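Here is how the chains run, residue by residue.
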Amino acid sequence: MQNLYSIRMRAARGGAHEDGGRHISGAERIVPKDKIPAVLQQLYSRAEKHQLGRPDFINITVESLSGREVNRVTSLPVYTLGCRDYPEGRRLAVKVLELKGIPPRVIEKGFSCLLGDSPSGTGENMRGAILLDINTGRRLEADPGRGVRASRMDYHPDVTPDLSEQLDEFGLNNDHVREALCLATKVANLPGIVAELCWSDDPGYTAGYVAAADTGYIRFPHLKARGNRRGGRIFFVDPGRAKPKDIIGKLEQKIYIITALGPVHGEITLEELKRSIRLNEIHQRRTVLS
Ligand code: WAQ
Ligand code: MG
């Protein structure tokens, strides 16, 4: 692969993030040199026309990844669990997190972090994710206002047409799904990560997901009420499997490129999901044995 560059954008209103500005949007790409000007344009327009308002601070960073290790991965399989409204979506999300062995009181803590007054302590959305210890239910981020940002991941350009086609079939070919699947794939691949819970801060976008390595990317069409501006992410971690400091270092720095796609499924029920996970496990055990 030719020399790659990480391009990262973050936008805020009321000043820079570090000066207390309100986070509006963030996005990032990994591209070869000749794509940099076009991507700078795209990320700038993204920042300018966000639903959450016009930023007065935009930071775009371009960084060479020369000499750095690039990890190639397959995107998580995508499932949608049908639900009528967000209370039902949340009940289902709790069940999927329980399948991962996360204690109910820690799952409850995760939801209350996202739903409480403010996970950042400032009344605003966080720019990054909350890191929650599944054994103690404690938050592990050094800066709770900012949280931890997963960074340095993208799709290889060879797979994006196919991804769009697969997602289109289910009406899912939008920035939210494409970018969340990319982030969730990187996060789920890191040692020490047990699962992720997320929903968007965009008032018009009610869907969210739970993702984990052997479970996949499980979407719920409703995890919050329409019009609600609060969103966030929880990374549930097991410090018994990896040191939090190492998990954070990898979330921020380890480079992941999606070079193959997992399947995109239509709407299924929780029972069907459980069956499909069991089949995956049997298949994986067979693959390990053979
Ligand atoms: N690393 C960690 N946390 C992040 C990152 C990141 N790179 N980007 C965003 N967050 C946190 C932050 O607290 C945001 O407020 C919150 O997540 C939501 O971010 O399948 O659009 O970019 O239909 O608004 C999920 C459902 C969409 C997609 C998620 O998130 C689907 C979404 P947003
Ligand atoms: Mg958003």
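Parameters and conventions
Residues numbered from 1 in each chain as written. Chains lettered and ligands numbered in written order. Predicted model: local features only at pLDDT ≥ 70, side-chain atom pairs only at ≥ 80, totals over all residues. Heavy atoms only, no water. Axes fitted to C-alpha atoms, helices over the stretch in contact; angles between N-to-C directions. Helix = DSSP H or I, 4+ residues; strand = E, 2+ residues; numbered from the N terminus. Parallel < 35°, antiparallel > 145°, perpendicular 65-115°, else oblique. Left-handed = near helix turned anticlockwise from the far one by under 90°. Contact = heavy atoms within 4.5 Å. Buried < 20%, exposed > 50% of the residue type's maximum accessible area, 1.4 Å probe, protein only. Pairing = 2+ DSSP bridges. Near = heavy atom within 4 Å. Polar contact = N/O pair within 3.5 Å; in protein donor to acceptor, adjacent residues only side chain to side chain. Areas by Shrake-Rupley, 256 points an atom, 1.4 Å probe, with all protein chains shown as cover. Nonpolar A, V, L, I, M, F, W, Y, C, P; charged D, E, K, R; others polar. Core = buried A, V, L, I, M, F, W, Y, C linked by side-chain atoms within 4.5 Å.

(A) The packing of helix 2 (residues 86-99) against helix 3 (residues 104-115), seen in detail. Two elements in contact, helix 2 and helix 3, have axes separated by 10 Å at closest approach and are oriented at 135°. By the angle class used here, helix 2 and helix 3 are oblique. By crossing handedness, the relation of helix 2 to helix 3 is classed as right-handed. Of the residues in helix 3, those touching helix 2 at Arg90, Ala93, Val94, Leu97 and Glu98 are Pro104, Ile107, Phe111 and Leu115.

(B) Looking closely at the pairing of strand 11 (residues 232-237). Within strand 11, five of the six residues are buried, which leaves it mostly tucked inside the rest of the structure. As paired strands, strand 6 (residues 130-133) and strand 11 are joined by four bridges and run parallel to one another. Residue pairing for strand 11: Ile130 is matched across the bridge by Ile234. Of the strand pairs in this sheet, strand 8 (residues 193-199) and strand 11 are connected by six bridges, and their pairing is antiparallel. Of the residues in strand 11, the one forming a bridge with Cys198 is Arg233.

(C) Quick look at the site of ligand 1. Every one of the 24 residues lining ligand 1 counts as a neighbour, but His176, Asp201, Tyr205, Tyr217 and Arg219 are closest to it. Contact distances for ligand 1 include 2.7 Å between an oxygen atom and a side-chain N or O atom of Asp201. For ligand 1, whose unbound accessible area comes to 700 Å², protein coverage reaches 91%. Broken down by secondary-structure element, the contributors of at least two residues to the shell around ligand 1 are helix 5 (175-189), strand 8, strand 9 (208-212), strand 10 (216-220) and strand 11. No other element matches the three residues that helix 5 contributes to the shell around ligand 1. Considering only residue class, the shell around ligand 1 consists of twelve nonpolar, six polar and six charged.

(D) Geometry of the sheet that holds strand 4 (residues 70-74). Within the open sheet, the three strands sit side by side as 4-12-7. Their pairing is parallel. Each edge of the open sheet carries a strand with a single partner, namely strand 4 and strand 7 (153-155). Across the sheet, the mean angle from the axis of one strand to that of its neighbour is 30°, orientation sign disregarded. Pairing of strand 4 with strand 12 (residues 255-260), which is carried by five bridges, proceeds in the parallel orientation. For Val70, the partnering residue across the bridge sits in strand 12 and is Ile255. Together, strand 4, strand 7 and strand 12 form the strand contacts of helix 5, whose direction differs from that of strand 7 by roughly 125°.

(E) Summary view of the nonpolar core. One finds Ile193, Tyr209, Tyr217, Phe235 and Leu251 to be the most contacted residues of the largest nonpolar core, which totals 38 residues. Secondary-structure elements contributing two or more residues to this core are strand 7, helix 4 (160-168), helix 5, strand 8, strand 9, strand 11, helix 6 (244-253) and strand 12. Sort the elements by how many residues they give to this core and helix 5 lands first, with eight residues. For Phe235, the contacting residues outside a window of four places in its chain are Ala129, Ile130, Leu131, Leu132, Val148, Ala150, Leu183, Val187, Ile193, Ala195, Glu196 and Leu251. Within the second largest apolar cluster, 32 residues are counted, among which are Tyr79, Ala93, Val106 and Ile234.

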